[in-house]
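# Architecture at a glance
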Amino acid sequence: MKPIGADKYPLFCDVLKAAQFMEAPRAILKGDPYPVKALLVLGASILTSLPNPNLWKECFRNLDFMVVFDRFMTGDAMYADILLPATTNFENLGTRDTRGVLPAPAEGHRADRRSQVKFLFLAQLAGKLGYGDLFPATEEERIRFAFKEGPVSLEDLKAHPEGVRYDAGRMEYRKHEKGLLRSDGKPGFNTPSKKVELVSSMLQKYGYERPCLFTWSPQRDRLAASKLYEKYPLVLNTGARLQSAFRSQHLNIPGLLKLQPKPQVLIHPKDAEARGIPDGDRVWVESLRGKVAVRAG
């Protein structure tokens, strides 16, 4: 059975070996391509990170079962049947490579072993689905899986709590000639043609009109010729990063919130002047799907 979204996004699903989650509402609400009755949300907020939150709220209401792992009472958590407490990295068992020095795995103080909850839950679910032997059941098994092909063994780290220094390896040049870029060990680049592809053979395979990676698209010209442009003459670009937040995270930290206390939209001074919008003015950002009030900057 093909993953959800493979009919509309075959390239995405083929390359990532995963479903396209933006098509999940189709499966939840219409059973297309198959019904989805349950959802696990692990340290995320669908309502604040994906478009059209009203659609996702409808999806949550139509689910038979929903579980949320989080440290905060998010909007998603309000729809959950079960809310399980997540942990911070200070409480989790883990280690991090630091310039060729690998410290021993360490865990913060925790009396209730909460970080085990998620692994036990997912391990039991994997077992019920018939994949229990492929999924780490505990944090220790997860660490062992991560170190299985690493330069240092878990036993070495436990024997040396001060950390283990290892040779991180020298810089390797001309890897494509030595077969170091491909999983099959053959010379070339990790592309279907084994070459640097200025024309993508993967895009050609899926019938894209412009398989060349470097093309110019007259997006604004096409919009200007449409009736939609008469009502919505400005084009919105999203995805810019803020120094004070990471996606929808950290907005609850007062010190970071001071850097940008109110939601903001950046607009070119000429576009703002033509519309009589001063800096910091409250404006509506509107599309066919709805509108939201923000501050112009």
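Reference entry: report on the structure contained in this document. Keep in mind it's a predicted model, so treat the numbers as computed, not measured.

### A short note on the overall build of the protein chain
On a plain count of helices and strands, the protein chain comes out with 13 helices and eight strands. Residues classed as buried in the protein chain amount to 24% of the 297 residues present. Contacts in the protein chain between residues far apart in sequence, at least 24 positions, make up 39% of those at least 6 positions apart. In the structure as shown, the protein chain presents an accessible area of about 21800 Å², 56% of it carried by carbon and sulfur atoms.

### Comments concerning the sheet that holds strand E2 (residues 65-70)
If you walk across this open sheet you meet the three strands as E1-E2-E3, and the pairing is parallel. Each having just a single partner strand, strand E1 (38-42) and strand E3 (82-85) make up the two edges of the open sheet. The mean inter-strand angle of the sheet, taken between neighbouring strand axes irrespective of direction, is 10°. In this sheet, E2 lies alongside E1 in parallel orientation, the contact comprising five bridges. Bridging from a neighbouring strand, Leu 39 pairs with Met 66 of E2.

### Focus: helix H4 (residues 53-62)
Within H4, burial applies to Trp 56, Cys 59 and Phe 60. For H4, the buried positions fall inside an angular range of 100° around the axis, keeping them on one side. Structural note: H4 exposes Asn 54 and Arg 61 on the side pointing more than 90 degrees away from its buried face. Residues of H4 that are buried in the fold lie against helix H2 (24-30), E1, helix H3 (46-49) and E2.

### Some details on the packing of aromatic side chains
On inspection of all chains with the given rule, the structure shows three aromatic pairs. Judged by centre distance (5.0 Å) and plane angle (10°), the ring pair of Phe 21 and Trp 56 falls under stacked. Here the residue Phe 21 occupies a position in the loop between helix H1 (10-16) and H2, and Trp 56 occupies one in helix H4, the gap between them amounting to 35 residues. The class for Trp 56 is buried, based on a relative accessible area of 1%. If you follow Arg 282 out to its NZ or CZ, it ends over the ring of Trp 284, 5.5 Å from the centre. Over the face of the ring belonging to Trp 284 we find Lys 291, whose NZ or CZ atom lies 4.4 Å from the ring centre.

### Remarks on the layout of surface pockets
Estimates place the volume of the second largest pocket at around 250 Å³. Lining the second largest pocket, in full, are Ala 38, Leu 39, Leu 40, Phe 65, Phe 121, Leu 125, Leu 129 and Tyr 131. Mapped by element, the contributors of at least two residues to the lining of the second largest pocket are E1 and helix H5 (115-128). The element contributing the most residues to the lining of the second largest pocket is E1, with three residues. Here the lining of the second largest pocket is built from residues that sort into eight nonpolar, no polar and no charged.

### Quick word on the sheet that holds strand E7 (residues 282-286)
The three strands lie next to each other as E6-E8-E7, forming an open sheet whose pairing is mixed. At either margin of the open sheet sits one strand with a lone partner, and together these are strand E6 (264-265) and E7. Pairing of E6 with strand E8 (residues 291-296), which is carried by two bridges, proceeds in the parallel orientation. Its bridge partner being in E8, Gln 264 is matched across the sheet by Arg 295.

Definitions and cut-offs
Residues numbered from 1 in each chain as written. Predicted model: local features only at pLDDT ≥ 70, side-chain atom pairs only at ≥ 80, totals over all residues. Heavy atoms only, no water. Helix = DSSP H or I, 4+ residues; strand = E, 2+ residues; numbered from the N terminus. Buried < 20%, exposed > 50% of the residue type's maximum accessible area, 1.4 Å probe, protein only. Contact = heavy atoms within 4.5 Å. Areas by Shrake-Rupley, 256 points an atom, 1.4 Å probe, with all protein chains shown as cover. Pairing = 2+ DSSP bridges. Axes fitted to C-alpha atoms, helices over the stretch in contact; angles between N-to-C directions. Arc of directions from axis to C-beta. Phe/Tyr/Trp six-rings, centres within 6.5 Å; stacked < 30°, edge-to-face > 60°. Lys NZ or Arg CZ within 6 Å of the ring centre and 35° of its normal. 1 Å grid on protein atoms, 1.4 Å probe; cavity = no way out; pocket = protein on both sides within 12 Å on 5 of 7 lines; lining within 4 Å. Points joined across faces, edges and corners; volume = space filled by probe spheres on them. Nonpolar A, V, L, I, M, F, W, Y, C, P; charged D, E, K, R; others polar.

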